[in-house]
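Structural description and commentary
Residues per chain are reported as follows:
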Amino acid sequence: MRSIQHDMYEEAFRLWDMAPAGMVPGYGPAGSVRRLENELGSGEYWAYFHGNLFAVNAFDMRFKRTGAMRYRHAEHLSIAYYEKADLVVQNGNTPRAGTVSTYLAEEGAEYVAFYQPGSAVRATSLTISPDYYRDYLHSRFGDIPNVRRAFALVDDRADLPELVSLLRQVRSYQGTGMAAALFYEGAVSEALALIIERAKAIEAERAEGGRTELSQEDRAALDNVSAYINGNLAGALTCEKLARRACMGQTKLKAAFKTAYGTSPAAFVTNARIERAIELLSSTDLPIAQVAHAVGYRKPGAFAEAFRRRTGVAPSAYR
């Protein structure tokens with residue numbers, strides 16, 4: 001990566017028409033602010049960049065109309081504390097206000113976040129590049145934990161007070177020069193330490209609760225079932241049918257899903273259906289009733305209720 005600013009941020013700023021804003025009260029003077037002020041909405045996005053290793057961000061934006069923020073990105077990891085979160089992320093977990101949210105970005109994948117008129121998002125985040133969590137940390141410490149897995153384990157949690165406190169300090173910090181460089185570098189290191197330690201504790205808690213790793217055979221069976229679900233969302237996807245497909249009893253299937261995905265088969269199916277519905281509503285002109293049928297809901301009212309529970313808005317709001 002040449003620089004995290006060039007490889008990950010500049011194109012997004014251009015796509016969203018966010019112009020340099022100079023000094024803005026409330027944001028750290030060591031970073032730079034981009035302002036959103038157009039037909040999409042208004043607000044600020046502050047960022048401090050450290051070469052090809054990491055970025056520190058704070059943003060506060062409000063949207064005027066229905067739309068989506070999207071861009072293709074390089075591989076990276078991001079963790080954020082959301083004070084407001086009215087976005088629906090298509091290819092990752094949708095953040096919730098008051099929680100820590102992570103984003104595990106693959107090389108060349110597209111970030112897509114939908115918003116509605118009146119939606120608001122306010123958060124503080126840290127973004128680290130593979131140059132940081134693979135090369136830099138490895139050169140300093142030798143063998144290191146799986147950082148991507150650690151980020152995945154702490155996603156969507158409200159029980160990380162030390163990390164939340166650290167991110168709030170980052171947002172309010174007003175230092176400059178060498179002091180700022182040392183502060184932000186230290187904040188990223190401390191955040192990573194907190195994430196790794198919490199991930200270890202989560203794994204230990206799961207182990208104590210009897211959670212075991214899946215066998216290779218069971219993992220292959222779940223991969224097959226997952227692919228079947230995503231390819232047959234319009235059909236009846238009962239636990240009994242999925243268990244037969246996996247060649248497991250229903251009790252074992254439920255336990256395996258909990259181990260692999262952290263949820264039940266029924267919740268997995270619902271999430272897959274709503275994710276596909278989001279895709280269809282945003283990329284096609286299909287009537288809502290037809291979208292509902294395409295993802296397995298025979299009654300539009302039941303689809304609307306499930307969609308609202310998952311996203312916080314009615315399907316029609318996406319149109």
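See the structure printed just above.
First, a word on scope: everything that follows refers to the structure included in this document. (Residues numbered from 1 in each chain as written. Predicted model: local features only at pLDDT ≥ 70, side-chain atom pairs only at ≥ 80, totals over all residues. Heavy atoms only, no water.)

**A look at the sheet that holds strand E5 (residues 67–72)**
- Taking strand neighbours across the sheet as the criterion, the three strands line up as E5-E9-E7 in an open arrangement whose pairing is antiparallel. Strand pairing shows two members of the sheet lacking a second neighbour, E5 and strand E7 (88–89), which therefore form its edges.
- In this structure, E5 lies alongside strand E9 (residues 110–115), joined through six bridges in antiparallel fashion. Among the inter-strand pairings, alanine 68 is bridged to a residue of E9, identified as phenylalanine 114. (Pairing = 2+ DSSP bridges. Helix = DSSP H or I, 4+ residues; strand = E, 2+ residues; numbered from the N terminus.)

**Looking at the pairing of strand E2 (residues 32–37)**
- Pairing between strand E1 (residues 19–20) and E2: two bridges, direction antiparallel. Among the inter-strand pairings, alanine 19 is bridged to a residue of E2, identified as arginine 35.
- One ladder, built from six bridges, connects E2 with strand E3 (residues 41–50); its direction is antiparallel. Note on E3: the bridge partner recorded for arginine 34 is tyrosine 45.
- Linkage of E2 to E3, two consecutive antiparallel strands, is achieved through a turn of three residues.

**Some points on the sheet that holds E2**
- Read from one edge of the open sheet, seven strands run E1-E2-E3-E4-E10-E6-E8, paired in antiparallel fashion. Every other strand in the sheet has two partners, leaving E1 and strand E8 (100–105) as the edge strands with one partner each.
- Packed onto the sheet, helix H1 (residues 4–15) meets E2, E3, strand E4 (54–63), strand E6 (76–85) and strand E10 (120–128) and runs at close to 170° relative to E3. (Contact = heavy atoms within 4.5 Å. Axes fitted to C-alpha atoms, helices over the stretch in contact; angles between N-to-C directions.)

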